[in-house]
Amino acid sequence: MLSLGSAATVLSQGQNQGGFVAYPQRPPGDPSAIERGKGLYGANCTFCHGVDARGGDGGGPNLVRSSLVIEDQKGERIAPVIRDGRGSMPKFQLTDTQIADIAEFLHTFPVSSRSGRANINIVIGDTSKGQAYVAAKCAACHATAALAAFAAKLEDPKMLQQMWLMPGNAGGRGGGGGAPIPAPPISVAVTAPSGELIVGELSRIDDFTVSLKQSDGTFRTFRTEGTGIKVEIRDPLSPHKQLLREYTDADIHNVTAYLVSLRGRP
């Protein structure tokens, strides 16, 4: 915490620099922990918070100026949010050491009063490696022509990266409009003890009930606990969600570079 004298000095310096306030920086962290944290952040956090942790056109809240991150030392403040989720942010099953490494990486970003997003070029991957990754992991569902059409719709590389990582998720920014490519609806199949099958778009599900909307617009709710009803959730984005746990930072950059290279192809 800044003393009044230190705060006055920083504010004075900021006024002399056109309103830019440079907050006191942390001492250098453990290089090994920072490198591990960078990889974990790239695999689990980049798709929402941006490569520079300041958010972006396809990212979530600015983490660099987040009071939670600023007040954190070794991951103790951000751990509950990572493990329990918050708002649209899902839960992540990471160890204390992994969270501490992510915190160490986040603490390498200098904190200042400048809140604008950094203009960072994220198209730095290896196109051929990205093509190989797509062939191995994505080709079963996505043809090259479809990927080229997809890439052509998204001029901003950050948004392109966000949308292939998780379609429909434009990050948790309020008032920023919807995602340019909406997420496909999650459907649910309910099988009654009699064998009757009811299929529709999932509306709500909890430990006791499931609600769905049928194709004619009718909403139905079924009690599931102790009734013998079977429920099957059909999420088209399930493979994307599974891969989010597996991507390395290099995988993300390589695939993005490959998709950018597909623009203009017939």
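Look a little higher up for the structure.
Everything numeric in this text was worked out from a predicted model, so none of it was measured.

**With respect to a nonpolar patch on the surface**
- Judged by side-chain polarity, Ile205, Val231 and Ile233 come together as a nonpolar surface patch covering roughly 220 Å² of accessible area.
- Position of isoleucine 233 relative to the elements: it lies in strand β5 (residues 230-234).
- Isoleucine 233 sits in the partly exposed class, given a relative accessible area of 39%.

**Structural notes on the environment of leucine 202**
- Along the chain, leucine 202 falls in strand β2 (residues 197-205).
- The class for leucine 202 is partly exposed, based on a relative accessible area of 22%.

**Quick notes on the packing of helix α7 (residues 127-137) against helix α11 (residues 249-261)**
- Closest axis-to-axis distance for the α7/α11 pair is 7 Å, and the angle between their directions is 95°. Considered as vectors, α7 and α11 are oriented roughly perpendicular to each other. Together, Thr127, Lys129, Gly130, Gln131, Tyr133 and Val134 of α7 and Asp251, Asn254, Val255, Ala257, Tyr258 and Ser261 of α11 make up the contact between the two elements.
- A breakdown of the residues in the contact of α7 with α11 according to their chemical character gives five nonpolar, five polar and two charged.

**Re the sheet that holds β2**
- Within the open sheet, the five strands sit side by side as β4-β3-β2-β1-β5. Their pairing is antiparallel. Of all the strands in the sheet, the pair left with one neighbour each is β4 (219-223) and β5. Sheet twist, expressed as the average angle between the axes of neighbouring strands with direction ignored, equals 40°.
- Here strand β1 (residues 187-191) pairs with β5 via five bridges, running antiparallel. What sits directly across from valine 188, in β5, is isoleucine 233.

**Observations concerning the pattern of salt bridges**
- Under the definition given, this model contains eight salt bridges.
- When the shortest N-O distance is used, the salt bridge between glutamate 71 and arginine 77 registers 2.7 Å.
- With a relative accessible area of 35%, arginine 77 lands in the partly exposed category.

**Some points on the pairing of strand β3 (residues 209-213)**
- Of all five residues in β3, four are buried, a share of seventy percent or more.
- Bridge count between β2 and β3: four bridges; the pairing is antiparallel. Its bridge partner lying in β3, leucine 202 is registered against leucine 212.
- Here β2 folds back onto β3, and the loop between the two strands holds three residues.
- Where β3 meets β4, five bridges bridge the pair, whose relative direction is antiparallel. Among the inter-strand pairings, serine 211 is bridged to a residue of β4, identified as threonine 221.
- Remark: five residues form the turn of the hairpin made by β3 and β4, two consecutive strands paired antiparallel; glycine 217 in that turn has positive phi of roughly 90°.

**Quick notes on the packing of aromatic side chains**
- Under the definition given, this model contains four aromatic pairs.
- Ring centres of phenylalanine 105 and phenylalanine 109 lie 5.3 Å apart, and the angle between their planes is 75°; on these two criteria the pair is classed as edge-to-face.
- Its relative accessible area of 8% is what places phenylalanine 105 among the buried residues.
- For the pair tyrosine 133 and tyrosine 247, a centre-to-centre distance of 6.1 Å together with 45° between the ring planes defines the contact as tilted.

**What to know about the nonpolar core**
- Counting residues in each nonpolar core, the largest one holds 48 residues, and the members touching the most others are Ile78, Leu106, Phe150, Trp164, Tyr247 and Leu259.
- In terms of nonpolar packing, the next biggest core, distinct from the first, is built from seven residues, Val188, Val190, Leu212 and Phe222 among them.

**Brief notes about the pairing of β2**
- Pairing analysis gives five bridges linking β1 to β2, with the strands arranged antiparallel. If you follow valine 188 over to β2, its bridge partner there is glycine 200.
- Between β1 and β2, which pair antiparallel and follow one another directly, the connecting turn spans five residues, one of which, glycine 195, has a positive phi of 100°.

What counts, and at which threshold
- Residues numbered from 1 in each chain as written.
- Predicted model: local features only at pLDDT ≥ 70, side-chain atom pairs only at ≥ 80, totals over all residues.
- Heavy atoms only, no water.
- Patch = residues over 30% accessible without salt bridge, like charges linked within 9 Å, V, L, I, M, F, W, Y side chains within 5 Å.
- Areas by Shrake-Rupley, 256 points an atom, 1.4 Å probe, with all protein chains shown as cover.
- Salt bridge = Lys/Arg side-chain N within 4 Å of Asp/Glu carboxyl O.
- Helix = DSSP H or I, 4+ residues; strand = E, 2+ residues; numbered from the N terminus.
- Buried < 20%, exposed > 50% of the residue type's maximum accessible area, 1.4 Å probe, protein only.
- Axes fitted to C-alpha atoms, helices over the stretch in contact; angles between N-to-C directions.
- Parallel < 35°, antiparallel > 145°, perpendicular 65-115°, else oblique.
- Contact = heavy atoms within 4.5 Å.
- Nonpolar A, V, L, I, M, F, W, Y, C, P; charged D, E, K, R; others polar.
- Pairing = 2+ DSSP bridges.
- Phe/Tyr/Trp six-rings, centres within 6.5 Å; stacked < 30°, edge-to-face > 60°.
- Core = buried A, V, L, I, M, F, W, Y, C linked by side-chain atoms within 4.5 Å.

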